[in-house]
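# Fold and geometry: a report
If you want the building blocks of each chain, they are given just below.
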Amino acid sequence: MAGLTVDRPAGAAEDWTIPQDWDSYSPQDHAVWDALFARQAALLPERAVKEFIDGLDILRIAKPGIPNFEDLSERLMKRTGWQVVAVPGLVPDDVFFEHLANRRFVAGRFIRRPDQLDYLQEPDVFHDVFGHVPLLAHPVFADYMQAYGEGGLRADGLGAIEKLARLYWYTVEFGLIRQDAELKIYGAGIVSSYGESLFALDDPSPNRIGFGLKRLMRTKYRIDDYQQSYFVIDSFDDLLRQTVEMDFAPLYEELKQESTIEADEIIDEDHVFNRGTQDYARSKA
Ligand code: PHE
Ligand code: FE
């Protein structure tokens, strides 16, 4: 994920990549991965979109231990032309977009400690690889991610990064989808979190609202806790039609006149699947 302005660490290449250095993971590192994997593997077949579960299988992510990015890239490359490359942590927006536009997904190489299974602010290799990579084996989602990178480079020049980042947040990270007349999860931030995998689908607290591009680009989000609203797409094809096939430049112009929507707000035009009680957010306030 992109963010912040930080200096490129010594040892990182010009494009910010570093070797994954797979041999340097300790047995404890692999055990943390295995523990996280076992928990999500038990929870997700019923809850995640079918294409995510297929991706785990295609990429053999069930194999014990932290995946080796070279093996992963080889399988992905054959399927959709994507690669996974390691970076030291958050990278600048333009670097992030440039990688995506070239079908390279940047992943953190470090893994959380055993006492951080449930919560971690910075994305680690479990979030980045388990959360994001399976859907890159799906051709439509793979195209969406590349187009997002291209759109990012463009948004940069149009002063619209903040708007576009909201799209990433509410789709790639925290998206829900309708499949077989049920809501399922596909966002990486949800599938890689035990608590949010339950919360996003079952809890009465958050809003669940039909995807609307302009609406969503006006909506704030929280980075420190479970989401207060989730947006539901009809299918990956539909997501593509509403984003990749649209010219965002006029939309960014229109958005300059529009007010911002709070993370928990519902507006008249919304197609509401579930009007949240927001009890959870209130209990934490
Ligand atoms: N179509 C968008 C544009 O014109 C780019 C984009 C594609 C953004 C896919 C997000 C996802 O800028
Ligand atoms: Fe992420």
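So, a few notes on the structure that sits alongside this text. It should be emphasised that the depicted structure is a prediction, and the values quoted were computed from it without experimental measurement.

The subject of this paragraph is the overall build of the chain. Each helix and strand counted, the chain has 13 helices and seven strands in total. Over its C-alpha atoms the chain spans a radius of gyration of 18 Å, differing by no more than 12% from the 19 Å that the globule rule assigns to 285 residues. With the C-alpha coordinates aligned to their principal axes, the bounding extent of the chain is approximately 55 × 40 × 35 Å. Across the 285 residues in the chain, those meeting the buried criterion constitute 38%. Summarising the internal contacts of the chain: among those between residues at least 6 apart in sequence, 69% fall at separations of at least 24.

In the neighbourhood of ligand 1, the contacting residues comprise Tyr144, Ala147, Tyr148, Gly151, Arg154, Leu167, Thr243, Val244, Met246, Asp247 and Phe248. It is helix α6 (residues 139-157) that contributes the most residues to the shell around ligand 1, five residues altogether. Considering only residue class, the shell around ligand 1 consists of seven nonpolar, two polar and two charged.

Across four bridges, the pairing between strand β3 (residues 176-179) and strand β4 (residues 182-185) is antiparallel. Across the sheet, Arg178 pairs through a bridge with Leu183, a residue of β4. Hairpin connection of β3 to β4: two residues between the antiparallel strands, including Asp180 at a positive phi of 50°.

So, about the packing of α6 against helix α7 (residues 161-173). Across the interface, α6 lies against α7 with an axial gap of 9 Å and an inter-helix angle of 160°. The orientation of α6 relative to α7 falls into the category roughly antiparallel. Here α6 and α7 pass one another in a crossing that is left-handed. Between α6 and α7, the residues in contact are Tyr148, Gly151, Gly152, Ala155 and Asp156 and Ile161, Leu164 and Tyr168, respectively. Across the contact of α6 with α7, the residue classes tally to five nonpolar, two polar and one charged.

Let's shift gears to the pairing of strand β6 (residues 229-233). With respect to burial, β6 is a largely interior element, four of its five residues being buried. Here β3 pairs with β6 via two bridges, running parallel. Counterpart to Leu176 in the pairing with β6 is Val232. The sheet contact formed by strand β5 (residues 207-210) and β6 spans four bridges and is parallel. Each bridged residue has a counterpart across the sheet, and for Asn207 the counterpart in β6 is Ser229.

It is worth spelling out unusual backbone geometry at this point. A negative phi holds for most residues other than glycine; trans holds for most peptide bonds. The phi dihedral of Asp180 is positive, around 50°, even though this residue is not glycine. Within the secondary structure layout, Asp180 lies in the loop between β3 and β4. Of note in this structure, Ala181 is not a glycine but carries a positive phi near 60°. Positionally, Ala181 belongs in the loop between β3 and β4.

All right, on to helix α2 (residues 50-58) then. Considered for burial, the residues of α2 that qualify are Glu51, Phe52, Gly55 and Leu56. Take α2 and look down its axis: the buried residues cluster within an arc of 145°, on one side only. Of the surrounding secondary structure, the elements contacted by the buried residues of α2 are α6 and α8 (188-191). Of the residues one or two after α2, Arg60 is the one with positive phi, at around 55°.

As a further point, take helix α4 (residues 93-101). Those residues of α4 that sit buried are Asp93, Phe96, Phe97, His99 and Leu100. One side of α4 holds all its buried residues, which, seen down the axis, span an arc of 160°. On the buried face of α4, the contacting elements are β1 (83-87), β2 (104-108), α6 and α7. Looking at the residues trailing α4, positive phi occurs at Arg103, about 55°.

All right, on to the nonpolar core then. In globular proteins that are soluble, nonpolar side chains generally tend to be buried together. Val84, Ala107, Leu136 and Ile185 are the most contacted members of the largest nonpolar core, which totals 65 residues. It is α7 that contributes the most residues to this core, six residues altogether. In this structure Ile185 touches Arg47, Ala48, Val49, Leu176, Ile190, Val191, Ser197, Ala200 and Leu201, once residues within four positions along its chain are discounted.

This part covers the environment of Arg215. Within the element layout of this structure, Arg215 appears in helix α10 (residues 213-217). In the structure, Arg215 is positioned 45 residues away from Thr260 in sequence and 9.2 Å away in space, judged by C-alpha atoms.

Definitions and limits used
Residues numbered from 1 in each chain as written. Chains lettered and ligands numbered in written order. Predicted model: local features only at pLDDT ≥ 70, side-chain atom pairs only at ≥ 80, totals over all residues. Helix = DSSP H or I, 4+ residues; strand = E, 2+ residues; numbered from the N terminus. Rg over C-alpha atoms; globule rule 2.2 N^0.38 Å. Buried ≥ 20, exposed ≤ 12 C-beta atoms within 10 Å, placed from the backbone. Contact = placed C-beta atoms within 7 Å. Near = placed C-beta within 6 Å. Nonpolar A, V, L, I, M, F, W, Y, C, P; charged D, E, K, R; others polar. Pairing = 2+ DSSP bridges. Axes fitted to C-alpha atoms, helices over the stretch in contact; angles between N-to-C directions. Parallel < 35°, antiparallel > 145°, perpendicular 65-115°, else oblique. Left-handed = near helix turned anticlockwise from the far one by under 90°. Arc of directions from axis to C-beta. Core = buried A, V, L, I, M, F, W, Y, C linked by C-beta atoms within 7 Å.

Take it as geometry only, folks, not as evidence of what the structure does.
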